[in-house]
Amino acid sequence: MSTFKDLLKEYCPNGVEHKKLGEVFNLRNGYTPSTKNEAFWKNGNLPWFTMKDLRANGRILSDSIAHITCESVRGSLFPKDSIILATTATIGEHALITTDFLCNQRFTAFSAKPQYATRLLPMYAFYCFFSVDEWCKKHIAASTFPSISTDMLRDVEIPLPPLEVQEKIADVLDAFAELESELESELENRNKQYGFYRKNLLKNGAPEVPLKDLVAITKGKQLNRELCSKVQTEETPFPVVNGGMKPSGFWNEYNFDKGKITIAEGGASGFVNWQSSPFWAGSGCFVISECNLKKLNEKYLYYFLKEKQYLLQSQGQGAAITHLHASCVLSLEIPLPPLETQKEIADVLDRFTSLTSSMKAGIPAEISLRRKQMDWYRDAMFKAIYGEEEK
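Draft legend 1. Looking closely at the side chain of Ser229. With respect to the secondary-structure elements, Ser229 resides in the loop between strand 12 (215-219) and strand 13 (238-241). Here the side chain of Ser229 touches Val231 through a polar contact of 2.6 Å, landing on its backbone oxygen. Not counting chain neighbours up to four residues away, the residues in contact with Ser229 comprise Thr236, Gly249 and Phe250.

In structure tokens, the structure reads:
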């Protein structure tokens with residue numbers, strides 16, 4: 001940071017210039033072409049971005065999931081190197097778009113005005129907008145449909161240092177982003193490798209036995225969600241497991257000990273999880289409450305059910321909220337090699353799970369650490385630019 005501060009002293013001896021967003025950018029709201037007009041969508045090749053793109057492909061985007069036709073365009077496309085910022089619904093998320101495009105009405109597009117196009121690096125603007133994200137989250141208009149006032153946004157100020165300073169900030173943060181991307185690629189490869197091993201280790205040619213002959217399933221007990229704590233505390237240490245992929249709350253009692261398999265009955269029906277601590281099983285989940293340990297290793301069973309998770313999820317019934325019947329689980333047939341072989345398979349898959357999933361060790365922990373470092377450096381550099389002013 002001392003080198004960066006020296007750079008500021010060299011290029012900004014009198015402090016960094018600040019500009020309002022409305023002065024630097026042209027702001028335009030996105031829109032959705034009529035879905036009833038086939039000519040607007042069929043064989044479209046123009047990128048049209050939605051929040052799905054950010055969720056699926058990150059914050060620097062060169063193409064979209066959905067495309068539209070020239071006939072659907074009102075006026076002109078938004079120019080490449082624009083920033084899109086969510087100003088309704090999921091407020092305070094942004095992306096840099098590196099191609100000419102359109103986006104839906106959730107976003108406001110920020111395109112540099114001609115007089116600032118040569119004074120603003122796109123990647124610097126991208127990193128600068130993390131501060132704008134935070135401003136938006138603090139200024140959401142109170143209404144039934146959350147939104148941010150475009151007029152207020154125009155008055156938000158950002159620092160506009162010389163290009164040499166912008167380039168330094170972008171280079172430092174790009175290096176962190178590149179490392180994170182490499183780690184995520186490694187994690188994806190490990191997940192593929194893990195899936196390959198899990199599938200093939202469980203397809204071991206052993207005789208198959210119906211689960212109904214080996215296990216018993218118990219449905220959890222209803223617990224009023226309003227009574228549960230939203231956070232884990234010393235008074236409420238036990239997670240409440242229901243139909244979601246994460247605990248629905250925390251409680252001061254547990255009805256099952258650690259080392260149990262749960263399967264979501266409602267909500268994310270079919271989701272399989274291993275409970276590594278005592279927990280309260282709510283009415284939205286099934287628990288493998290009994291297992292014939294003379295024939296079946298529970299961790300081996302867990303990995304078998306995890307491999308069948310997609311199948312179980314496809315068997316949920318219902319329209320708005322799906323529900324899974326216990327019979328869908330009990331009717332599965334599991335390959336049953338000797339217990340020693342089951343344990344060996346479970347141990348191998350445990351090691352892959354630790355590498356790919358554990359936040360205490362392995363690649364995800366490294367990604368989390370690098371992300372925190374990147375956030376720290378980004379905040380530190382922008383605080384230096386702001387001269388310790390409140391953003």
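Draft legend 2. Inspection of the sheet that holds strand 14 (residues 249-251) at higher detail. Strand order in the open sheet formed by 3 strands is 14-13-17, and the pairing between neighbours is mixed. The open sheet has two free edges, formed respectively by strand 14 and strand 17 (280-281), since each of these has just one partner strand. Where strand 13 meets strand 14, 3 bridges bridge the pair, whose relative direction is antiparallel. Counterpart to Phe238 in the pairing with strand 14 is Trp251.

Draft legend 3. Focus on the nonpolar core. Residues Phe4, Leu21, Phe25, Phe110, Leu153, Ile169 and Ile385 are the most contacted members of the largest nonpolar core, which totals 41 residues. Within the residue set of this core, elements represented by two or more residues are helix 1 (2-11), helix 2 (21-24), strand 2 (25-29), strand 6 (82-86), helix 5 (122-138), helix 7 (163-202) and helix 12 (363-386). Of the residues forming this core, the biggest block, 10 residues, is contributed by helix 5. Discounting residues that sit within four places of it in the chain, Phe25 has contacts with Phe110, Ser111, Ala112, Lys113, Leu120, Ala125, Phe129 and Ile158. Ile261, Leu296, Ala346 and Phe352 belong to the second largest nonpolar core, which has 29 residues in total.

Draft legend 4. Up close: the side chain of Thr87. Relative to the assigned elements, Thr87 resides in the loop between strand 6 and strand 7 (94-97). Looking at Thr87, the relative accessible area reads 6%, which means it is buried. One polar contact links Thr87 to Thr108, side chain to side chain, over a distance of 3.0 Å.

Draft legend 5. Spatial organisation of the pattern of salt bridges. On inspection of all chains with the given rule, the structure shows 18 salt bridges. Among the ionic pairs, Glu17 bridges to Arg119, the shortest N-O distance being 2.9 Å. Here Arg119 lies in the loop between helix 4 (114-117) and helix 5 and Glu17 lies in the loop between helix 1 and strand 1 (18-20), a separation of 102 residues in the sequence. Accessibility expressed as a relative area gives 36% for Glu17, which makes it partly exposed. Arg119 gets classed as partly exposed once you look at its relative accessible area, which sits at 33%. With a closest N to O distance of 2.9 Å, Lys299 and Asp350 form a salt bridge. You can see Lys299 sitting in helix 8 (residues 298-307) and its partner Asp350 sitting in helix 11 (residues 339-357), a full 51 residues away along the chain. Linked by salt bridges that have partners in common, Glu17, Lys19, Glu23 and Arg119 make up one network.

The rules behind these values
Residues numbered from 1 in each chain as written. Predicted model: local features only at pLDDT ≥ 70, side-chain atom pairs only at ≥ 80, totals over all residues. Heavy atoms only, no water. Helix = DSSP H or I, 4+ residues; strand = E, 2+ residues; numbered from the N terminus. Polar contact = N/O pair within 3.5 Å; in protein donor to acceptor, adjacent residues only side chain to side chain. Contact = heavy atoms within 4.5 Å. Pairing = 2+ DSSP bridges. Core = buried A, V, L, I, M, F, W, Y, C linked by side-chain atoms within 4.5 Å. Buried < 20%, exposed > 50% of the residue type's maximum accessible area, 1.4 Å probe, protein only. Salt bridge = Lys/Arg side-chain N within 4 Å of Asp/Glu carboxyl O.

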